[in-house]
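Analysis of the macromolecular model
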Amino acid sequence: MLTHNLGYPRIGSKRQLKKASEAYWKGKISLHELLQTGADIRLQNWKLQQKAGIDLIPSNDFSFYDQVLDMSLTVGAIPERYHNIVTDQKQPELDLYFAMARGYQNNELDIIAMEMTKWFDTNYHYIVPEFKKDQKFKLFSTKVLDEFKEAKRLGIPTKPVILGPVSYLLLGKEKETGFNRISLIKNLLPVYLEILKKLENSGATWVQIDEPYLAMDLSSEEKEAIQYAYKEIKKASPSLKILIASYFGTLGDNINLATSLPVCALHIDLVRAPEQLDKILEVIPKNMSLSLGLVDGRNIWKNDFESSLELIEKALSAKAPERLLIGPSCSLLHSPCDLEGESNEMDLTAEIKNWMAFAKQKVKEIVYLKELALNKENETNLAILSDNKAAIHSKAKASIIHNAKVAAALGLLGPGHSQRKSQFRDRQKLQEQNLNLPLFPTTTIGSFPQTKDVRQWRANLKKGVLTQNQYDELISEETKAAIQWQEAIGLDVLVHGEFERNDMVEYFGERLEGFVFTQNGWVQSYGSRCVKPPIIYGDVSRPEAMTKYWTAFAQSLTEKNVKGMLTGPVTILQWSFVRNDQPRSVTCQQIALAIREEVNDLEDAGIKIIQIDEPALREGLPLRLSQWDNYLKWAVECFRIAASGVQDKTQIHTHMCYSEFNDIIQHIAAMDADVITIECSRSQMELLDAFAEFKYPNEIGPGVYDIHSPRIPTEGEMVELMEKAKAVISDRQLWVNPDCGLKTRGWEETREALIRMVQAAKSLRKKATVSISSYNANAIQ
Ligand code: GLN
Ligand code: ZN
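Residues numbered from 1 in each chain as written. Chains lettered and ligands numbered in written order. Predicted model: local features only at pLDDT ≥ 70, side-chain atom pairs only at ≥ 80, totals over all residues. Heavy atoms only, no water.

**Points about the packing of aromatic side chains**
For the coordinates displayed, the defined rule picks out 21 aromatic pairs. Centre to centre, the rings of Phe120 and Phe248 are 5.8 Å apart; their planes meet at 55°, and the pair counts as tilted. Of this pair, Phe120 sits in the loop between strand 5 (116-118) and strand 6 (125-127) while Phe248 sits in the loop between strand 11 (241-245) and helix 9 (255-259), and the two are 128 residues apart along the sequence. Like Phe120, the residue Phe248 is buried in the burial classification. One aromatic cluster is present, built from ring pairs that chain together Trp119, Phe120, Tyr124, Tyr126, Tyr213, Tyr247 and Phe248. (Phe/Tyr/Trp six-rings, centres within 6.5 Å; stacked < 30°, edge-to-face > 60°. Helix = DSSP H or I, 4+ residues; strand = E, 2+ residues; numbered from the N terminus. Buried < 20%, exposed > 50% of the residue type's maximum accessible area, 1.4 Å probe, protein only.)

**With respect to the site of ligand 1**
As a structural note, the neighbourhood of ligand 1 is formed by Ile445, Gly446, Ser447, Glu498, Met504, Met565, Asp613, Pro615, His655, Cys657, Cys740 and Gly741. At 2.7 Å from a nitrogen atom of ligand 1 is found a side-chain nitrogen or oxygen belonging to Asp613. Contacts to ligand 1 include His655, whose side-chain N or O atom sits 3.0 Å from an oxygen atom. (Near = heavy atom within 4 Å. Polar contact = N/O pair within 3.5 Å; in protein donor to acceptor, adjacent residues only side chain to side chain.)

**Observations concerning unusual backbone geometry**
Note on backbone geometry: most residues besides glycine have negative phi, and most peptide bonds are trans. The phi dihedral of Asn436 is positive, around 60°, even though this residue is not glycine. If you trace the backbone, Asn436 turns up in the loop between helix 16 (424-435) and helix 17 (452-463). Judged by relative accessible area, which is 67%, Asn436 ranks as exposed. Backbone geometry at Glu498 places phi at a positive 60°, although glycine is not the residue there. With respect to the helices, strands and loops of the structure, Glu498 is situated in the loop between strand 15 (493-494) and helix 19 (506-511). Under the relative-accessibility criterion, Glu498 is labelled buried at 8%.

**Some words on the sheet that holds strand 20 (residues 561-567)**
Taken together, the six strands give an open sheet; going across it, the order is 15-20-22-23-24-25, and neighbouring strands pair in parallel fashion. Of all strands in the sheet, those bounded by a partner on one side alone are strand 15 and strand 25 (699-702). Where strand 24 (residues 675-678) lies against strand 25, four bridges are found, and the strand directions are parallel. From the neighbouring strand, Ile676 faces strand 25, where its bridge partner is Ile700. Contacts from helix 22 (residues 584-604) reach strand 20, strand 22 (609-613) and strand 23 (651-656), with the element oriented near 170° to strand 20. (Pairing = 2+ DSSP bridges. Contact = heavy atoms within 4.5 Å. Axes fitted to C-alpha atoms, helices over the stretch in contact; angles between N-to-C directions.)

Purely spatial values, then, with no claim about function.
Rendered as structure tokens:
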């Protein structure tokens, strides 16, 4: 029996990588210093896993930005627009790499970034590979080899990890019509064979190839591509031990495919899909090893050793111990680094902390499971097991988890709670009277730049350097300035700027019961961006208003409408670590009721427009199509519970940030938000294709520029994008806005971009032949 890990968090336990990359981008540290930070993190991670007793330690799980982008560079899939970036001679790769991730702008060049989208159903974002019909691949970056050799030099034998060829292709996107990217497998595979050969020659024995698509619905062509790829790999490197990894769900109807591949070992996710074990044990060939993914890589709760041991026992009844591996369900990329550093007794009490495990603890759990399985009678092991049982038992029985009032409120939920009073057409008229907006109203998504200063104030408040009053004073000045500035540049619907918020989920979690927080529980979201998900350990309720003060304050400063800004129930759920003792849908309903109370409070305070952000709605989609409907039903229902307590004339907005929403557009329409602002500038309005077939009934603001890149868009560009939208959506329905919140941007670029955006809206209005009032007239006729 071997222990192994599929991947370790690479941001560093103190977010060293974030700090170093951002400093490098600003020109504050040298390339050498950045590379050194990377090397230090790798060394630390390898050492830690070695010390814990992990047999197969991963390498190439490190990344300066994203593992999919790493693969694009490895196989030389570099879109043409980056070809003439002049880069540093010593490290030509890294600047090109960052340009692909973030866009590139200097005096002569202005190149947009590659698209970014969510990694399966996680809150991690990857950079989407771009493919052409005659796409050529060649070994370009040798990162995987370099990192393997680096570890070897340090005396640590590792198991290199690469993204598998089929999943790599499927994660990408065709950039021209007339071909299917899976047909590129024949062009792509030689590069994989070359890498594997080189790894073998450098002394690698095991290689982990991730094929997360094995847990997805696959077409017959895609299945054939998998068979083809692994047959070729076997032919080319017959003695290399290939471990093919599936995760995030059951193999389902791909069980036979996966177990018939000529690979040495198969990894399965037994946290998401423990039920698949029986069937797999029936069909897996004798000489194929099975890796049991037992420790949850996606959540922070302690492993329940007893139930894991049952699964191991079951596997042992069908397989020899030397044919078994024990590991996490998926890469620990999605877990925070280390629970030991958490000392905030106020929030995270010793009682709750004792229920949890982060990456470093999970690595230990993997090793314990092996020891427990092999040496049950050993005294130390017995003690470990009984400690674990006690922790699991204490969580199940804890009184702090249950709140009778919350249960009673859920019991009272009926259909009336998820239904606005009138249908959209009627609400729209009332809202036009209530709000008095021009055609193509301009707005932003909520947040304005969270400058160093703003973050420093918050840190100082925490440290006690600032009093609450002093802090509030600073925030109110910042908010005032933002309101005045928005008025000055002529935005139509203003926002208060969210300066008081650390994070759109954390801020609410801190004000709701049932949540706890960590000090350093950071997880990578994209590139250098990390999030610190709250932990929902118990029933959720709202003791008092959460956003009313700052929203009403901002509204008091202006005649224009200030949009109230809330995070939606699905997003709060999706971006938290969620309790695992009740269905997610129930936890989501509890949050929905709390947000509903807040929406109603804002309306009572005179706020006429309220946005309920649901950027995470889509990422919660189950990986298998057959389960979509069930999820969408409760997710949409929860949004509606939150939104439906208001009068018709109050305008409910929602915001989502992803472009692939074509396939769920009916459900998005079913949310029945009066206005949706949505990301789509990175994919150049491709999502508007959806509107060709489906007439979206309500109002919509297709984001006109990409806020994830520091690049400033031109007015012409934004008008052009809106023209595309106008071709499929009526003028009356359209809003003009950036594609997401601006908190990660600097003020300078934000100012310039929004001034141009307002200009773009003005020139659209000039060209429009009808005005809102004539629409009203039409509507009344
Ligand atoms: N209102 C939030 C903001 O502007 C929305 C962020 C998001 O969609 N991720 O920051
Ligand atoms: Zn967004």
